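# Understanding the architecture of this molecule
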Amino acid sequence: GIDVERMDAVAPADRTALALRAEDRVILWAGRLDPIKGVDVLLRAMALLRKTEPRVVLLLAGDGPIRTELQRQAIALGLGESVRFLGMRKDVAALMKCCDVFAFPSRTEGLPNALLEAMACRCAIETTDAPGCRDLIEHQRTGLVVAPNDEASLASAVARLLSDKSLASALGQEARLAVTSSWHFARMLDEYAAAYAE
């Protein structure tokens, strides 16, 4: 469950402190740098995106066992400063509130807190039709959903969210409504209490 009111109290991160320019289009990913998270696919999608969106910047918030491998991949793809490895952060909700798209291309998940938090922050979400992700995000209602391991579809979905602000805003609002009604922390507590009582 998510403490929605606590997320509401978080202010957006200062983009200038992140060395972002006003014209940058910001994609955020947050989590553990692990093969199941699909960050390698996201980097390949970034290489495709930059052909039509030269101002796009990818922020990766988190750390993990394949960080060095992903950094090498980013260099090999010629992504340079358009990909920023931020390491472990305690201000992920603030980052979510200043990004244009939250991308979450996992190959599999349990029930990802990062997606729940992005929904609470009204992010325009792109994720995959993978266990865990598809349990939270409904395609074209609360986000855009593509097949795992498909960088072309991922890049296309992100480009759509970047180009269609009304769609991005509508999906973010619906995601917020969904997390508030179905995944609120208070509801989780009530349901646990009911299960124990039973």
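Please refer to the structure placed before this passage.
Below: a short report on this structure.

Criteria and thresholds
Residues numbered from 1 in each chain as written. Predicted model: local features only at pLDDT ≥ 70, side-chain atom pairs only at ≥ 80, totals over all residues. Heavy atoms only, no water. Core = buried A, V, L, I, M, F, W, Y, C linked by side-chain atoms within 4.5 Å. Buried < 20%, exposed > 50% of the residue type's maximum accessible area, 1.4 Å probe, protein only. Helix = DSSP H or I, 4+ residues; strand = E, 2+ residues; numbered from the N terminus. Pairing = 2+ DSSP bridges. Axes fitted to C-alpha atoms, helices over the stretch in contact; angles between N-to-C directions. Contact = heavy atoms within 4.5 Å. Phe/Tyr/Trp six-rings, centres within 6.5 Å; stacked < 30°, edge-to-face > 60°. Salt bridge = Lys/Arg side-chain N within 4 Å of Asp/Glu carboxyl O. Expected span 1.5 Å × (residues − 1). Parallel < 35°, antiparallel > 145°, perpendicular 65-115°, else oblique. Left-handed = near helix turned anticlockwise from the far one by under 90°. Nonpolar A, V, L, I, M, F, W, Y, C, P; charged D, E, K, R; others polar. Polar contact = N/O pair within 3.5 Å; in protein donor to acceptor, adjacent residues only side chain to side chain.

### Quick notes on the nonpolar core
The biggest cluster of nonpolar side chains holds 71 residues, and the ones touching the most others in it are Ile27 and Phe102. By residue number, the principal contributor to this core is helix α2 (residues 39–49), which donates 8 residues.

### A short note on the sheet that holds strand β1 (residues 25–30)
Strand order in the open sheet formed by 6 strands is β3-β2-β1-β4-β5-β6, with parallel pairing between adjacent strands. The sheet terminates laterally at β3 (83–87) and β6 (144–146), the two strands that pair on one side only. The sheet shows a mean angle of 25 degrees between the axes of neighbouring strands, direction not considered. Across the sheet, helix α6 (residues 151–163) touches β1, β2 (56–61), β4 (101–104), β5 (125–128) and β6, and the angle it forms with β6 is around 170 degrees.

### What to know about the packing of aromatic side chains
Within the structure shown, the criterion is met by 1 aromatic pair. Aromatic side chains Phe102 and Phe104 sit 5.8 Å apart centroid to centroid with 20 degrees between the ring planes, which places their arrangement in the stacked category. Each member of the pair, Phe102 as well as Phe104, carries the same accessibility label: buried.

### Considering the pattern of salt bridges
Counted under the stated rule, the structure contains 15 salt bridges. Residues Arg21 and Asp24 are paired through a salt bridge, measuring 2.8 Å at the closest nitrogen-oxygen approach.

### Some points on helix α7 (residues 165–182)
Spanning 18 residues, α7 covers 26 Å between terminal C-alpha atoms, matching the ideal 26 Å at 1.5 Å per step. Every buried residue of α7 is listed here: Leu167, Ala168, Leu171, Gly172, Ala175, Arg176, Ala178 and Val179. Where α7 is buried, its residues touch α1 (4–8), α5 (113–120), β6 and α6.

### Some details on the packing of α2 against α6
Close contact between α2 and α6 brings their axes to 8 Å; oriented N to C, the two are set at 60 degrees. In terms of orientation, α2 lies oblique with respect to α6. Between α2 and α6 lies a crossing whose hand is right-handed. Contacts between α2 and α6 involve Val41, Leu42, Arg44, Ala45, Leu48 and Leu49 from the first element and Glu151, Ala152, Leu154, Ala155, Val158 and Ala159 from the second. A breakdown of the residues in the contact of α2 with α6 according to their chemical character gives 10 nonpolar, no polar and 2 charged.

### Things to note about the side chain of Asp34
Note that Asp34 resides in the loop between β1 and α2. For Asp34, a relative accessible area of 16% corresponds to the buried category. Reaching out from Asp34, the side chain makes a polar contact with the backbone nitrogen of Ile36 at a distance of 3.0 Å. Here Asp34 is in contact with Pro65 and Ile66, once residues within four sequence places are set aside.

### Overview of unusual backbone geometry
Here the phi dihedral of Arg122 falls at roughly 60 degrees; this positive angle occurs in a residue that is not glycine. Take Arg122: it is sitting in the loop between α5 and β5. With relative accessibility at 39%, the residue Arg122 sits in the partly exposed group. The phi dihedral of Asn149 falls on the positive side, at around 65 degrees, and the residue is not glycine. Summarising the element assignment, Asn149 is placed in the loop between β6 and α6.

### Let's talk about the environment of Thr68
As for its placement among the helices and strands, Thr68 is situated in helix α3 (residues 67–76). With 31 residues separating them in the primary sequence, Thr68 and Lys37 have C-alpha atoms 15 Å apart.

### Remarks on the pairing of β4
Side chains Val101 and Ala103 project from β4 onto one buried face, and the interleaved Phe102 and Phe104 project onto a second face that is buried too. In the sheet, β1 pairs with β4 via 2 bridges, with the strands oriented parallel. Bridging across to β4, Ile27 finds its partner in Val101. In this sheet, β5 lies alongside β4 in parallel orientation, the contact comprising 3 bridges. From the neighbouring strand, Ala103 faces β5, where its bridge partner is Glu126.

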